[in-house]
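Summary of structural features
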Amino acid sequence: MAEQTLLDPTPFTVTDVRTLILLLGSPEPAVCIAAIEAVTKYAEGVSKHRSQLLSLNILHPLLELARSRDAGIKKAAVACLAAVTEITDFTPDLRDPYLINTFISLLAPDEPPEVQEEAAFGIANLARDFANKAGIRKAGGIKALIKLLDLPDPDVKKNVAYALTTLMEDFANRTEIRYANGLAPLLELLASEYPEIQENALQSLIKCAEDYTNRIEIRKFNGVKRLIDFLGQDSPDLHYLTLMCIANCLEETETANAFPEWNGLPPVVKMAGAEDVKVKCNAALALSRAAKIDRNQNYIREAGALPVLVANLAHAEPAVVSHAAMALASLAKNEINQLELNKMGVTETLIKLLSHEDLDVDRQCVSALSSLCLNAKIRPRLRQLDGIQAVIKLIQYDDVQTVINACDCLTNLADDSSLRTDILKHGGIHALTTALQKSDAKIQSTAALALARCMQDAESRVALSKEPPELGLARLIELLGSKDISVCRNAAYAVSNAAQYDANAVTACQAGALQALITLSKDTARNASMFATDALEKVLNH
């Protein structure tokens, strides 16, 4: 410093943040650091302070200071940048590649841990913006973060795992972390002595496990077994995250197959009976996914899950009820489970819950009922308990999955001739033709199949003939031209059954059924020939 500019120390008070920003340019390191720390404190106060600082172009001087050769200035500047960028209303400045690249450069292995920690937090802040997620990946940010996971500093690990969690919301980033060999070190963080690190690692793994190939890699790294073992640790606040991660991993068939051999079922069933709502829900979700493997349905029953899930149907929290019903829907596809659940009074409980004010409860309970109705011994109970009209009512809902589940339930009920009469009596034919008007292909397919089952009875065929053609037969014939092969198949099945009544056969022909079926029978690419030809023969026979 030039001798002529020196003066005695001058104490003064700063009351305007703009003055602090001017002081960032001071040639005196102590003054500069004090100014940076004061700005950081101001930024950490409330969100509007951060917005104000950004509007005052705070990023430019801080970015210059973050590259300072003075270690103290550099450390303070990076901490300030991390604080200022913790904001939800993103401005163009926060998408500047220079800002992203600066933070990534500060992750370098030779940087002090305090700098790496704040740089990782800054990247986590920037990654809240969807466009930045891709920008950080393209600039090498994910690879740089992963390299820090092996460092001993716990604060660095915590913030790196937090940044990765935010970045994993992007599909391409989930692929990148696998290519960069980041899954194994993330799993290693589960062994940390710090709950914050474990939590951030679990959050990141949950997102990673939404990717099919990542689920395979996690299994190969013995990750699912580690998660099962983690449930046995005294970390109750992390159980709900662990269960969510397990549930995602169970979407992979080999993991679901091996889960009982890994002794995964007993701890998950135990968690389904825990007090915490999120733990109950995620345990039920994991059981529902494990139960998609047929043999697991027996193992889950033997692990004591049925009474636990049935008890959860009476819980005051709707999410617990809906998740329990979801698990029961998967488990009730097994005949022994169906009979056991019926003995427990589940059929009656589910019917009562169909009028619940929570939509997800309705959706999952009718799905569980649909599974129970695969059993011929249980189906008559729905008539006795006035359940058929409750199911039909759900077809009128706007929610796609609820309508699909209700149509599936009617399909199973319509396997019984006596119940087809009840479906007709309670307006089921009209409800199903109404569902056919929906644009969703899955609704169209399930509604057409339910109609086809109902059309096995003469009375139902007559009822269909009384529906306006544009809602009934004409709509079914229109659906023969669907791009979805399951819609075509089920519509053809419904037309062929309905055409056994002469009036319907005439209406169908007038609506173009013959040409539609001939066209469909020539569709060899989708293997439509067999069912289309069969339907064509039945229409022509009448």
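Scroll up to find the structure this text is about.
Residues numbered from 1 in each chain as written. Predicted model: local features only at pLDDT ≥ 70, side-chain atom pairs only at ≥ 80, totals over all residues. Heavy atoms only, no water.

1. Examining a negative patch on the surface
Note the cut-off: Put simply, a patch holds well-exposed residues, over 30% relative accessible area, that have no salt bridge, with like charges counted together within 9 Å and Val, Leu, Ile, Met, Phe, Trp or Tyr side chains within 5 Å. We get accessible surface area from the Shrake-Rupley algorithm with a probe of 1.4 Å; when it comes to residues, only the shown protein chains can shield them. Note on definitions: salt bridges are taken to be side-chain nitrogens of Lys or Arg within 4 Å of carboxyl oxygens of Asp or Glu. For the purpose of charge, His is not counted, nor are the chain termini; Lys and Arg are scored as positive and Asp and Glu as negative. Every charge is mapped onto a representative atom, which is NZ of Lys, CZ of Arg, CG of Asp or CD of Glu. Helix and strand definitions follow DSSP, with helices as H or I runs of at least four residues and strands as E runs of at least two, each counted in order from the N terminus.
Together, E114, D155, E196, E199, D237 and D276 make up a region of like negative charge exposed at the surface. Counting through the fold element by element, E199 comes out in helix α13 (residues 195-208).

2. Remarks on the packing of aromatic side chains
Put simply, the test is: Only the six-membered ring of Trp is used, alongside the rings of Phe and Tyr, when aromatic pairs are assigned; centres must lie within 6.5 Å, and planes under 30 degrees apart are stacked while those over 60 apart are edge-to-face, with the rest tilted. Relative accessibility under 20% of the residue-type maximum defines a buried residue, over 50% an exposed one, and the middle range a partly exposed one, all with a 1.4 Å probe and only protein chains included.
Counted according to the given criterion, the structure contains one aromatic pair. When the centroid spacing of 6.1 Å and the interplanar angle of 25° are considered together, the rings of F121 and Y162 count as stacked. Here the residue F121 occupies a position in helix α7 (residues 113-126), and Y162 occupies one in helix α10 (residues 154-167), the gap between them amounting to 41 residues. Under the relative-accessibility criterion, F121 is labelled buried at 19%.

3. Here we look at the environment of C407
Our working definition: A contact between two residues is defined here by any heavy atoms of the two lying within 4.5 Å.
Structurally, the position occupied by C407 is in helix α28 (residues 400-413). For C407, a relative accessible area of 0% gives the class buried. C-alpha separation for the pair C407 and A450, spaced 43 residues apart in sequence, amounts to 6.2 Å. What C407 contacts, discounting residues up to four positions off in sequence, is I395, L432, A435, T446, A447 and A450.

4. A word on the pattern of salt bridges
On inspection of all chains with the given rule, the structure shows 26 salt bridges. One salt bridge connects D16 with R18, and the closest N-O pair in it is separated by 2.7 Å. A relative accessible area of 28% places D16 in the partly exposed class. The class of R18 is exposed, set by a relative accessible area of 52%. Residues joined by salt bridges that share partners form a network here, namely R219, E252 and E254.

5. Examining helix α19 (residues 277-290)
Counted only if it meets this: Helix span, as expected, comes to 1.5 Å for every residue beyond the first. The term polar contact refers here to a pair of N or O atoms within 3.5 Å; inside protein, the definition further demands a hydrogen-donor-capable atom paired with an acceptor-capable atom, and it admits residues adjacent in sequence only when both atoms are side-chain atoms.
For α19, with 14 residues, the first-to-last C-alpha span of 20 Å sits near the 20 Å given by 1.5 Å per residue. Along α19, the residues that are buried comprise V279, K280, C281, N282, A283, A284, L285, A286, L287, S288, R289 and A290. Where the residues of α19 are buried, they touch α16 (239-249), α18 (265-272), α20 (294-302), α21 (305-312) and α22 (318-331). For α19, the capping residue at the N-terminal end is D276, with a side-chain oxygen 3.0 Å from the backbone nitrogen of K278.

6. Comments concerning unusual backbone geometry
Its identity as a non-glycine residue notwithstanding, N181 has a phi of 60°, on the positive side. Among the structural elements, N181 can be located in the loop between α11 (171-179) and α12 (183-188). When its relative accessible area of 62% is taken as the criterion, N181 is described as exposed. Residues other than glycine seldom take positive phi values, yet D386 does so here, at roughly 55°. Topologically, D386 is positioned in the loop between α26 (379-384) and α27 (387-394).

7. Looking at the environment of M344
Assignment of secondary structure puts M344 in the loop between α23 (335-343) and α24 (346-353). Relative accessible area serves as the criterion here: at 34%, M344 is assigned to the partly exposed category. Here the alpha-carbon distance between M344 and V46, two residues 298 residues apart in the chain, equals 54 Å. The residues contacting M344, other than those within four sequence positions of it, are L306, P307 and V310.

8. Notes on the packing of α27 against α28
Short version of the rule: Axis definition: a line fitted to C-alpha atoms, limited for helices to the stretch in contact. Angles are taken between N-to-C directions and run from 0 to 180 degrees. When the near helix sits turned anticlockwise from the far one by under a right angle, the crossing is termed left-handed; a clockwise turn instead gives a right-handed crossing. For this classification, the nonpolar set comprises Ala, Val, Leu, Ile, Met, Phe, Trp, Tyr, Cys and Pro, the charged set comprises Asp, Glu, Lys and Arg, and every other residue, Gly included, is treated as polar.
Orientation of α27 relative to α28, taken along the N-to-C sense of each, is 145°, at an axis distance of 8 Å. Crossing handedness for the pair α27 and α28: left-handed. The segment α27 lies against α28, with I388, V391, I392 and L394 engaging T402, V403, A406, C409, L410 and L413. Here the residues of the contact of α27 with α28 sort into nine nonpolar, one polar and no charged.

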